[in-house]
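Secondary and tertiary structure notes
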Amino acid sequence: MAVKSVALVAHDNKKKELVDWVARNQTRFAQLELFATGTTGRLLAESLGRDDIHRLLSGPLGGDQQIGAKIAEGAIDLLVFFWDPLEPQPHDPDIKALLRIAALWNIPVACNSATAEFILTSAYMTDDQYAVPRPDFSYYTDRNLQP
Ligand SMILES: O=C(CO)COP(=O)(O)O
């Protein structure tokens, strides 16, 4: 069975909202492999009592880029990223890069709990046969360039 992998990330003012939402949906999340940036992951682990969350570095310390790299490698099926629309972040370029790489690789992205709810309850989430179509970038990688 192909277990789906979800990356969970939240800015400080949105962490409670994310943790509460995940806790409310614990039964669904029990079937999923979880990745998270450092602090979000710590709070989730404490709240859910789960010791199997793949915790990366804290977002501003490179964690957003690590999640982005996992998306590029095909290791993430869904990104839930509650970013804060009311507060500037010191690592804004990393945030943009993460959202860009998710768009590039056709990964579903939820930036608020309403969208996250729609995606989490989608039949695709429990369909072992379904995987998000991975774009073919051969037109780009094989482009004809003269050295
Ligand atoms: O800053 C973040 C996302 O941009 C989240 O990082 P933390 O989960 O480590 O707070």
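Report on the accompanying structure.

Definitions and limits used
Residues numbered from 1 in each chain as written. Predicted model: local features only at pLDDT ≥ 70, side-chain atom pairs only at ≥ 80, totals over all residues. Heavy atoms only, no water. Helix = DSSP H or I, 4+ residues; strand = E, 2+ residues; numbered from the N terminus. Rg over C-alpha atoms; globule rule 2.2 N^0.38 Å. Buried < 20%, exposed > 50% of the residue type's maximum accessible area, 1.4 Å probe, protein only. Contact = heavy atoms within 4.5 Å. Areas by Shrake-Rupley, 256 points an atom, 1.4 Å probe, with all protein chains shown as cover. Lys, Arg positive; Asp, Glu negative; His and termini not counted. Charge placed at Lys NZ, Arg CZ, Asp CG, Glu CD. Phe/Tyr/Trp six-rings, centres within 6.5 Å; stacked < 30°, edge-to-face > 60°. Lys NZ or Arg CZ within 6 Å of the ring centre and 35° of its normal. Near = heavy atom within 4 Å. Polar contact = N/O pair within 3.5 Å; in protein donor to acceptor, adjacent residues only side chain to side chain. Pairing = 2+ DSSP bridges. Axes fitted to C-alpha atoms, helices over the stretch in contact; angles between N-to-C directions.

**Let's talk about the overall build of the protein chain**
Regarding its fold elements, the protein chain presents 7 helices and 5 strands. The helix and strand sequence of the protein chain, counted from the amino end, reads β-α-α-β-α-β-α-β-α-β-α-α. Scaling as 2.2 N^0.38, a compact globule of 147 residues should have a C-alpha radius of gyration of about 15 Å, and the protein chain matches this with 16 Å. For the C-alpha atoms alone, the extent of the protein chain along its principal axes is close to 55 × 40 × 25 Å. Across the 147 residues that make up the protein chain, the buried fraction comes to 40%. A separation of at least 24 residues holds for 69% of the contacts in the protein chain among residues at least 6 apart in sequence. Total accessible area computed for the protein chain in this model is approximately 8,500 Å², and 54% of it derives from carbon and sulfur atoms. Of the charged side chains in the protein chain, 14 are positive and 19 negative, and the gap between their average positions amounts to 1 Å.

**Observations regarding the packing of aromatic side chains**
Per the stated rule, a full pass over the model turns up 5 aromatic pairs. Geometrically, the ring pair formed by Trp105 and Phe137 is edge-to-face, given 5.0 Å between the ring centres and 85 degrees between the ring planes. Of this pair, Trp105 sits in the loop between α5 (92-104) and β5 (109-110) while Phe137 sits in the loop between α6 (113-120) and α7 (138-141), and the two are 32 residues apart along the sequence. Assigned by exposure class, Trp105 and Phe137 land together as buried. Ring geometry for Phe137 versus Tyr139: centroids 6.4 Å apart, planes at 55 degrees, classification tilted. Taking NZ or CZ as reference, Arg134 lies 4.0 Å from the ring centre of Trp105, over its face. One cation-aromatic arrangement involves Arg143 over Tyr140; the distance from NZ or CZ to the ring centre is 3.9 Å.

**So, the site of the ligand**
Close contacts around the ligand come from 15 residues, with Lys15, Thr37, Thr40, Ser58 and Asp64 the closest. One nitrogen or oxygen atom from the side chain of Asp64 is found 2.6 Å from an oxygen atom belonging to the ligand. A distance of 2.8 Å separates an oxygen atom of the ligand from a polar side-chain atom of His91. Protein chains shield 97% of the accessible area of the ligand, which is 310 Å² for the free molecule. Contributions of two or more residues to the shell around the ligand are made by β1 (5-10) and α3 (38-48).

**Some details on the sheet that holds strand β4 (residues 78-82)**
Reading across from one edge, β3-β2-β1-β4-β5 is the order of the 5 strands in this open sheet, with parallel pairing throughout. Looking at the sheet topology across the chains shown, the edges are occupied by β3 (54-55) and β5. Where β4 lies against β5, 2 bridges are found, and the strand directions are parallel. When the bridges of β5 are listed, Val80 appears paired with Ala110. Where helix α1 (residues 15-24) meets the sheet, it contacts β1 and β4, and its direction lies at approximately 150 degrees from that of β1.

**Focus: the side chain of Lys14**
Summarising the element assignment, Lys14 is placed in the loop between β1 and α1. For Lys14, a relative accessible area of 19% puts it in the buried group. In terms of polar contacts, Lys14 uses its side chain to reach the side chain of Glu17, at 3.0 Å. In this view, Lys14 contacts Phe82, Trp83 and Asp84; residues no more than four positions away in its chain are not counted.

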